[in-house]
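These are the residues of each chain, in order.
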Amino acid sequence: LINRGVLDAPFTYIPSTAKVGDCFKFAPEEGIIAPGGIQLIQISFNATVSGRFEEEFQFSVAGSPIPAILMIRGHVVGPTLHFDTHELNFGDISFGFPYTKTCRLTNTSLASLTFKLRMSDDGTQPAVSCFEQILNSSDPSWRKGIHFYVEPREFIMNPSQGTILSQGHQDIEVTLCSNTVIDFHRKMLVDVEGVEKGVASLVISARCLVPELKAYPHVLCYDECYLQVPYEKKLFISNTTDHPGCYGLIPQNHKEDAPVLYSSPKPCGIIQPHSTVEVPIVIKVQTLGEHRTHVL
């Protein structure tokens, strides 16, 4: 503001009722300018709407019927973020096995953007991987399956948030560990801090299945055994599918009257596609006679 008069000029900013008036801040909003003097005004703009605008801003001057008018024009553009693909297709995946794919998020805006990733519908309790499950052969999930009070969080994004410079990009790893035997068709959404939610999205698809494992022989014959002496034979479990699987020997309910007690030094493990594992089965006979028991 310049005072071209010969008297002091007290001025005051008149709050604007225009469309984007609330987006502008002027400092200082009032003061006195000496004759021939200049007052620098700092203007701050924080856009809340997009599109072109042209607004007048006024400063009243004491003793003057005409305010000082400042015209401000501009064009507010939204954030422009793009993924390098429309879909991440994991294809067929095994229950409880984590799978990872990578995508790239690019910022084509003229300013840096702080983003946060989220799934369109994802739970809060982390999914259970097969690698966690096989650490505990007595976990009830071997017998009853994995149950959640709420939907499991089956997707992990790394990084899930961050800042991308103008014209920059960020590579993102998406890991899916399914605890539900379903076909997935979900969206990964991008929110921009302080601007807008869901400015970009990426479809994630997959089909979760449980590979069929086969155990043989169906009968393990230990022949004659002495009481309380451990005897070992091999049980074979094969995976003829194209997908990895895991097995678990359900612990025996150790009742005092059980005629045969069984155990294994390898009670659970991973079986890769088109492979076979040996599972030692150790028994101890508790009573005399001929006995049969089921290994689960």
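Residues numbered from 1 in each chain as written. Predicted model: local features only at pLDDT ≥ 70, side-chain atom pairs only at ≥ 80, totals over all residues. Heavy atoms only, no water.

Asks: Which residues make up the sheet that holds strand E9 (residues 98–107), and what values go with them?
Replies: Reading across from one edge, E7-E9-E15-E13 is the order of the four strands in this open sheet, with antiparallel pairing throughout. Whereas interior strands pair on both sides, the edge strands pair on one side only; in this sheet they are strand E7 (81–83) and strand E13 (155–158). Taking each pair of neighbouring strands and ignoring which way they run, the sheet shows an average axis angle of 25°. As paired elements, E9 and strand E15 (residues 169–177) share nine bridges and run antiparallel to each other. Of the residues in E15, the one forming a bridge with Pro 98 is Cys 177. (Pairing = 2+ DSSP bridges. Helix = DSSP H or I, 4+ residues; strand = E, 2+ residues; numbered from the N terminus. Axes fitted to C-alpha atoms, helices over the stretch in contact; angles between N-to-C directions.)

Asks: Describe the side chain of Ser 109, and please don't skip the residues or the numbers.
Replies: Structurally, the position occupied by Ser 109 is in the loop between E9 and strand E10 (113–119). Within polar-contact distance, the side chain of Ser 109 engages the backbone nitrogen of Thr 80 at 2.8 Å. Leave out the neighbours within four places in its chain, and Ser 109 touches Gly 78, Pro 79, Thr 80, Ser 166 and Gln 167. (Polar contact = N/O pair within 3.5 Å; in protein donor to acceptor, adjacent residues only side chain to side chain. Contact = heavy atoms within 4.5 Å.)

Asks: Explain a nonpolar patch on the surface to me, and be specific about the residues and the numbers.
Replies: Taken together, the side chains of Ile 2, Ile 38 and Leu 40 present a nonpolar region at the surface, about 360 Å² in accessible area. Relative to the helices and strands, Leu 40 resides in the loop between strand E3 (30–33) and strand E4 (42–45). A relative accessible area of 71% places Leu 40 in the exposed class. (Patch = residues over 30% accessible without salt bridge, like charges linked within 9 Å, V, L, I, M, F, W, Y side chains within 5 Å. Areas by Shrake-Rupley, 256 points an atom, 1.4 Å probe, with all protein chains shown as cover. Salt bridge = Lys/Arg side-chain N within 4 Å of Asp/Glu carboxyl O. Buried < 20%, exposed > 50% of the residue type's maximum accessible area, 1.4 Å probe, protein only.)

Asks: Run through the packing of aromatic side chains, naming residues and quoting values.
Replies: Here the structure, examined in full by the defined rule, presents 13 aromatic pairs. Ring centres of Tyr 13 and Phe 59 lie 5.4 Å apart, and the angle between their planes is 55°; this geometry places the pair in the tilted category. Separated by 46 residues along the polypeptide, Tyr 13 in strand E1 (residues 9–14) and Phe 59 in strand E5 (residues 51–61) bring together distant segments of the chain. Per residue, the accessibility class of Tyr 13 equals that of Phe 59, and both read buried. (Phe/Tyr/Trp six-rings, centres within 6.5 Å; stacked < 30°, edge-to-face > 60°.)

Asks: With reference to specific residues and values, describe the nonpolar core.
Replies: Grouped together as the largest cluster of nonpolar side chains are 26 residues, with contacts concentrated most on Phe 83, Val 174 and Met 188. Looking at this core, the elements with two or more residues in it are E7, strand E8 (87–94), E9, E10, E13, E15, strand E16 (183–192) and strand E17 (196–209). If you look at the next biggest cluster of nonpolar residues, it comprises 13 residues, including Leu 249, Val 277, Ile 283 and Val 285. (Core = buried A, V, L, I, M, F, W, Y, C linked by side-chain atoms within 4.5 Å.)

Asks: Give a detailed account of the domain arrangement of the protein, specifying residues and quantitative values.
Replies: Under the domain assignment used here, the protein contains domain 1 (2–76), domain 2 (81–209) and domain 3 (213–285). On a C-alpha basis, the centres of domain 1 and domain 3 stand 84 Å from each other. (Domains from an automatic or database assignment.)

Asks: Which residues make up the pattern of salt bridges, and what values do they have?
Replies: Inspection of the entire model under this criterion finds five salt bridges. The partner of Asp 191 in a salt bridge is Arg 118, with the nearest N and O atoms 2.7 Å apart. Taken together, the residues Asp 191 in strand E16 and Arg 118 in strand E10 connect sequence positions 73 residues apart. Residue Asp 191 is classed as buried on the basis of its relative accessible area of 12%. One salt bridge connects Lys 234 with Glu 232, and the closest N-O pair in it is separated by 3.2 Å. Take Glu 232: its relative accessible area is 46%, and that puts it in the partly exposed class.

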